[in-house]
Each structure stands twice: as C-alpha cells, then as structure tokens.
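Working through the structure, step by step
What follows is each chain in one-letter form.
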Amino acid sequence: MTAQALADAVSAVRSELDAHYPVLVDTTRWTWGEDGPQVQGGVLVSAQAKVYVDGLSERLAAEVPSPAVLADLGSDWTLHSWVLPLGRATLDLHRGIEGDDLQTQWTPPVILRWFARRDRRALVQLPDGTLGWMTSNRLMNAAPISDPWADVRRAAIGEVSDAEDSLEALAERARRRTGRPYLWGGNTDAAADCSGFVQSLLHQSGLLLPKNTRDQRRSGVRVAAAAIEPGDLVFVRGNTSGLGHVGLALPAEEGTQVIHSCLTRKQIVEEPLADFLGRYAFTAARRVLRWTV
Amino acid sequence: MTATPCPECGGPVEVPADALPGELLVCDACGVELELVSTDPVALAVFEEEEK
Ligand SMILES: [Zn+2]
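Attention in this report is confined to the structure presented alongside it. (Residues numbered from 1 in each chain as written. Chains lettered and ligands numbered in written order. Predicted model: local features only at pLDDT ≥ 70, side-chain atom pairs only at ≥ 80, totals over all residues. Heavy atoms only, no water.)

1. Considerations on the coordination of the zinc ion
All names here are of chain B.
- Coordination of the zinc ion by the protein comes from Cys6 (SG), Cys9 (SG), Cys27 (SG) and Cys30 (SG), over a distance range of 2.2 to 2.4 Å.
- Relative to the metal, the four donor atoms surrounding the zinc ion lie at angles of 107 to 114 degrees, and the coordination shape comes out tetrahedral.
- Mapped onto the sequence, the residues coordinating the zinc ion show the spacing C-x2-C-x17-C-x2-C. With cysteine 6 in the loop between strand S1 (2-5) and strand S2 (12-15) and cysteine 30 in the loop between strand S3 (24-26) and strand S4 (33-39), the pair connects residues that are 24 residues apart, well separated along the chain. (Donors = N, O, S within 2.8 Å, 3.2 Å for Na, K, Ca; no water. Tetrahedral: all angles 85-135°; square planar, octahedral: opposite > 155°, others 65-115°. Helix = DSSP H or I, 4+ residues; strand = E, 2+ residues; numbered from the N terminus.)

This is the structure in structure tokens:
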C-alpha cells in the first residue's frame, strides 16, 4: 500500500462528497502512517465522516480512522472560526444557501461558529447545535481567548438540572405569549414554532434545549403520561399528519394545562392537558428541569 | 419493566410497565427511537417521522 493509493482514494471520495453537498466543509488531511491511514481535521457532519470511512476502507482494504465531526458540540473549538453578529436584530438561519426555508432564529448577543461562506451567505452554528445559512454582511470575526460556549448549559439525556427561576415565573412568561403567531422555524418572543417556543421558554430558565422536537425528545428523563407535572415537556403527534409536536405543561387551579405553538390554530394556545392528549396521540413526556414552586 | 430486543441492533430495550401504545422509547445500545406498537404482547418498531 502506498501514499499514492491513499491520495487517489481520498480524491475519489472527496469528489463524491463534492457532488453531493453544494458547499463541502472539509479540513481533513490524510497521511499514510505506520498503522495505515491517519487523519487530521474534519468534516462538518457525521454522515460525511461516514462517507470517508466507508469509501476509504473499501478502496484501501484497511482500517480507516474517522475524521472529526466539526458540528459536534464537543469538537475542538480551534477547528473553526468564531463570528460576532453586529446589532441586536434577530438572526434568521435558513436550511439552504438560498435562504427561503427558515431553520431557526436567534436573538443576539451571541458568538457563532463559522464554517463556510459563499456569495453573501455564511454557514454558521448556534450554541444549541443548529446549523444554517445567514447573510454574511452582519458578521464580524471574533478571536476569543477561550471557548465562548464553554459555559452554555445544554440539556442532556438522563439529566435533570435545577431551574434558575420558579414554575410561577415560567408560567407567567409562557402565558404572556398566548395568542402570538405560529411561525415555522420561528424562535423569538414575537413568533415561534412548537419547538422554538419551548426552547426559548426554558432557555430563559437557564437550560438550552436542542431546536427540533426529535432531539428535544431525547433530553432529560422519561415521564409516564399519567405522571406529567407542570414544567414537563409533552410530545405528541398529529393523528392524521403524524407530525411531531411539543407543548409545555403548566400549573393551573383547575389542573395541569399545556401551552403550545399550534400549527393548525396558527398561534400559541393553552388548554387542559387532557384535551391536548385527547386531540393528539401521546408519544413521550420528558423532565429536563427541577422547579421550585 | 420488561426487556425486549431492539429491532435495529438486538440490544435489550426496557419497556416500563406504565408505557402506553404509541409511546416512543430510545434504545440505549444504538440510540434509535422506537415506537411501542403494542403493549400486550410488547412489540417495538423503529420510528421515523417528518420533523418540525
Ligand atoms: Zn438498538
């Protein structure tokens, strides 16, 4: 086996990736060491790392180490740049480079991870792990002396941590938003989708949830449907659409309520837990924070 | 609590006695999300959905 064989295999895999991703973030450098292929640097997401590992091990018939996954929140923060958005206006992150499908929003101040730029768009990552494209003209390079995300308190599977405010304060903040519009991908005080609504509420209580319902469903610990308490996340799906949906349980004199940003009613609504579970199919309940009353 | 093999990896998945049909559980071994299709007998299926 030669270094040339490795270089050829790497270039073949790289063109495969290039053809598949409109903008490929790839900082890998492959060398042939004593124990076979070695790699430094990484690619953006785990699916791309897998293409390298599978493609190279097949072509070289050798064990191939995985490149780093740059979007992993635990990845080495020196592997990418940091940027600071100017101004206080809400950041809109889009799924695609063209910017027509809202992925999520964020309200500054924040320092973002920066991965790539094309035309006037930048591929960045938020502290909750969400990747997306935004206009690059608001971004200034930042050179922090240590990891600016080191202190972010993120939800983790199996963990319940102490809330920084009371259940009463949470309920007050949530109810103030009743009637505000549903916005697909939205994540601000003015408008939000279901997962953005609960993410922003609990972020203000000191815990950062992932943005999408699927990842939120893996946060914290399981709660049985019959044991749901105020402050818990309640996950359901539409009986006909099958679409995943999430609401937050709140205390009320007449029993536990659920508040959620509702796609069909196009706004944030509150209703009794029993009605919520009656209209949708229950899929899970999770507890991520411990509350003082 | 009973353990049922994960349809994806074969690892044991603990199904709590109070779990409801349609509830989603996560396989600790492979991380895949599983739907509890029925509780008697316990049946698990790999869950996939369009997300928001
Ligand atoms: Zn499994």
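And the narrative resumes.
2. What to know about the interface of chain A and chain B
- Between chain A and chain B, the residue contacts involve 22 residues of the former and 18 residues of the latter.
- Summed over both partners, the interface of chain A with chain B buries about 1,600 Å², with 45% contributed by carbon and sulfur atoms.
- Counting every contact that joins chain A to chain B gives four salt bridges.
- Two residues, Asp18(B) and Arg222(A), come together in a salt bridge whose shortest N-O distance is 3.0 Å.
- The interface formed by chain A and chain B includes six residue pairs in polar contact (both at pLDDT 80 or more).
- Listed by contribution, the elements that provide at least two residues to the side of chain A that touches chain B are helix H4 (194-203), helix H5 (213-216) and strand S18 (281-287) of chain A.
- Take the side of chain A that touches chain B: its biggest share by element is three residues, from S18(A).
- Taken together, the residues of the side of chain A that touches chain B sort by class into eight nonpolar, seven polar and seven charged. (Contact = heavy atoms within 4.5 Å. Buried area = accessible area lost by both parts, 1.4 Å probe. Salt bridge = Lys/Arg side-chain N within 4 Å of Asp/Glu carboxyl O. Polar contact = N/O pair within 3.5 Å; in protein donor to acceptor, adjacent residues only side chain to side chain. Nonpolar A, V, L, I, M, F, W, Y, C, P; charged D, E, K, R; others polar.)

3. Some points on the environment of Leu183(A)
Residues and elements named next belong to chain A.
- Its place among the elements puts leucine 183 in the loop between helix H3 (167-175) and H4.
- Taking relative accessible area as the criterion, leucine 183 reaches 33% and is therefore assigned partly exposed.
- With 131 residues separating them in the primary sequence, leucine 183 and tyrosine 52 have C-alpha atoms 37 Å apart.
- Dropping the residues within four chain positions of it, leucine 183 is found in contact with Leu102, Gln105, Ala191, Ala192 and Asp193. (Buried < 20%, exposed > 50% of the residue type's maximum accessible area, 1.4 Å probe, protein only.)

4. Topic: H3(A)
All names here are of chain A.
- Burial in H3 covers these residues: Leu167, Leu170, Ala171, Arg173 and Ala174. All buried residues of H3 project into a common sector of 165 degrees when viewed along the axis, lining one side.
- Where H3 is buried, its residues touch strand S12 (161-166), H4, strand S15 (244-250), strand S16 (257-262) and strand S19 (289-292). (Arc of directions from axis to C-beta.)

5. Thoughts on the pairing of strand S14 (residues 233-237) of chain A
Residue and element names in this part refer to chain A.
- Across the five residues of S14, five count as buried, placing the element largely inside the fold.
- Alternating residues of S14 divide into Leu233, Phe235 and Arg237 and Val234 and Val236, and every residue in both groups is buried.
- As paired elements, S14 and S15 share five bridges and run antiparallel to each other. Looking across to S15, one finds that arginine 237 is bridged to glycine 244.
- From the end of S14 to the start of S15, which pair antiparallel, there are six residues, and glycine 242 there has a positive phi angle of about 75 degrees.
- Pairing geometry for S14 and S18, over five bridges, is antiparallel. The residue bridging valine 234 from the neighbouring strand is alanine 285, located in S18. (Pairing = 2+ DSSP bridges.)

Everything listed here is a matter of coordinates, which is why it stays silent on function.
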